[in-house]
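Secondary and tertiary structure notes
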Amino acid sequence: MTLDKSYIPLKTSVDVARIRRSCRICEKILVQLSSCIREGVTTKELDSLAEVLIRKEKAKPVLKGYDGFPGSICTSVNNVVAHGIPSGYCLKDGDIITIDITIEKDGWYGDGAWTFITGKKQSPAKHLVKAAWQASLAGIMEVKAGSFLGNIGYSINMIAKKHGCSIVKEFVGHGIGKEMHEEPLIPHFGKPGTGRRIVPGMVFTIEPVLSLGKPDIIMTEQGWNCMTKDNSLTAQFENTIAVFKDRIEILTLSCGKLKDFIDYPPVL
Ligand code: MF3
Ligand code: CO
Ligand code: CO
């Protein structure tokens, strides 16, 4: 993702309240979809359901038609890194699927993604999904007014490596608000003390994609159904974070007590 606008639209607390509302809709729909993920369900069925649920909230499924994207959500299965197009593919026991949902309500965007495991079979995927959650959390823990964006990326990459996983560098977090993608971009690797300074009023996503193997990907022409070169599995959690003077808030997580979810995200 490259953005040419180099300014960062900072948000007031009223703006944050609007973005929070949109993010909570994303979270609610991810939870609703989670109960439908099982063997035999197609990604197109999940997409159709998501569209109904989004419209029920009087929100817009903004991914639909975005650069020609045909779905209302991205459904990225196994070795599909991101931007998976919903299709007739039937989920199998042990498959992992990342659902990424972006919506707009009253002009404000929300964006979130979760990776789910299909069925109960113990799979190597479980280790990856856990690592992806922990790497994401490690990044969130570094968000603090006065700190640097490089601290976030550094921490994420360290945790990914600790679990034997790698970071797909092509996918980065981004500012969000009246647009789906705004400055600043948030790389999921970096050096502490480098990059832009984090200031109150920033609202951005953290969305590292972890690969169980090498991080190299095959980018398709339009960027859809992007896959790992070595076909290794990938997992991703995306959260939207608001920065205040003396605290931060994870707008896509209403559970509050993060400490209860150090190992796994709330719905796994
Ligand atoms: N929700 C994605 C993100 O986190 C964007 C999807 S863009 C689309 O930035 F092209 F796939 F639609
Ligand atoms: Co997203
Ligand atoms: Co995003």
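A brief report on the enclosed structure follows. Within each chain, residues carry numbers counting from 1 in the order of the written sequence. For naming, the first written chain is A and the first written ligand is 1, with later ones following in the order written. Under the rules for a predicted model, residues below a pLDDT of 70 receive no local features and side-chain atom pairs below 80 are neither given nor counted, while totals for whole chains, interfaces and linings still include all residues. Side-chain metrics in this entry use all non-hydrogen atoms of the structure; hydrogen atoms and water are not considered.

The environment of ligand 1 is formed by 13 residues, the closest being Asp-100, Thr-102, His-181, Glu-207 and Trp-224. Pairing of N or O atoms within 3.5 Å defines a polar contact, subject to two protein rules: one partner must be a possible hydrogen donor and the other a possible acceptor, and residues neighboring in sequence count only if both atoms are side-chain atoms. One nitrogen or oxygen atom from the side chain of Thr-102 is found 2.9 Å from a nitrogen atom belonging to ligand 1. Contact distances for ligand 1 include 2.9 Å between an oxygen atom and a side-chain N or O atom of Glu-207. Values of accessible area rely on a 1.4 Å probe in the Shrake-Rupley scheme; residue burial ignores everything except the protein chains shown. Compared with its free state, where it exposes 330 Å², ligand 1 has 96% of that area covered by protein. Classification convention: Asp, Glu, Lys, Arg as charged; Ala, Val, Leu, Ile, Met, Phe, Trp, Tyr, Cys, Pro as nonpolar; all other residues, Gly among them, as polar. The class makeup of the residues in the shell around ligand 1 is 5 nonpolar, 4 polar and 4 charged. In this text, near means that some heavy atom of the residue lies within 4 Å of the molecule or strand in question.

Let's shift gears to the pairing of strand S4 (residues 96–105). Throughout, exposure labels follow a simple rule: accessible area from a 1.4 Å probe, protein chains only, divided by the maximum for the residue type, with under 20% read as buried, over 50% as exposed, and the rest as partly exposed. Secondary structure elements follow DSSP: runs of H or I of four or more residues count as helices, runs of E of two or more count as strands, with numbering from the N terminus. Of all 10 residues making up S4, 10 are buried, and the element is well covered by its neighbours. Burial along S4 is two-sided: the residues Ile-96, Thr-98, Asp-100, Thr-102 and Glu-104 and Ile-97, Ile-99, Ile-101, Ile-103 and Lys-105 are all buried. One requirement defines pairing of two strands: DSSP has to find at least two bridges between them. Where strand S1 (residues 60–61) meets S4, 2 bridges bridge the pair, whose relative direction is antiparallel. The partner of Pro-61 across the bridge, within S4, is Ile-103.

With that settled, consider the coordination of the cobalt ion (ligand 3). Only nitrogen, oxygen and sulfur atoms qualify as donors, and only when within 2.8 Å of the metal (3.2 Å in the case of Na, K and Ca); with water excluded, sites may look incomplete. Taken together, the protein donors to the cobalt ion (ligand 3) comprise Asp-111 (OD), His-174 (NE2), Glu-207 (OE) and Glu-238 (OE), at separations of 1.9 to 2.3 Å. Between the donor residues of the cobalt ion (ligand 3), the gaps in sequence give the motif D-x62-H-x32-E-x30-E. The distance between the cobalt ion (ligand 3) and the cobalt ion (ligand 2) is 3.2 Å, with Asp-111 acting as a donor to both metals. Here Glu-207 is found in the loop between strand S9 (203–206) and strand S10 (209–211), whereas its partner Glu-238 is found in the loop between strand S13 (234–236) and strand S14 (239–243), with 31 residues between them in sequence. For the pair Glu-207 and Glu-238, a shared accessibility class is recorded, and that class is buried.

Take the sheet that holds S10 next. One key point about sheets: their strands pair by backbone hydrogen bonds, in either a parallel or an antiparallel sense. Strand order in this open sheet of 3 strands is S6-S10-S13, and the pairing throughout is antiparallel. Each edge of the sheet is formed by a strand with only one pairing partner; in this case those strands are strand S6 (166–167) and S13.

Basic side-chain nitrogens of Lys or Arg form a salt bridge, by our definition, when they fall within 4 Å of a carboxyl oxygen of Asp or Glu. A complete count under the given rule lists 12 salt bridges for this structure. A salt bridge links Lys-60 to Glu-104, with the shortest nitrogen-to-oxygen separation between them at 3.5 Å. Taken together, the positions of Lys-60 in strand S1 and Glu-104 in strand S4 put the pair 44 residues apart, joining distant regions of the chain. Glu-104 gets classed as buried once you look at its relative accessible area, which sits at 12%.

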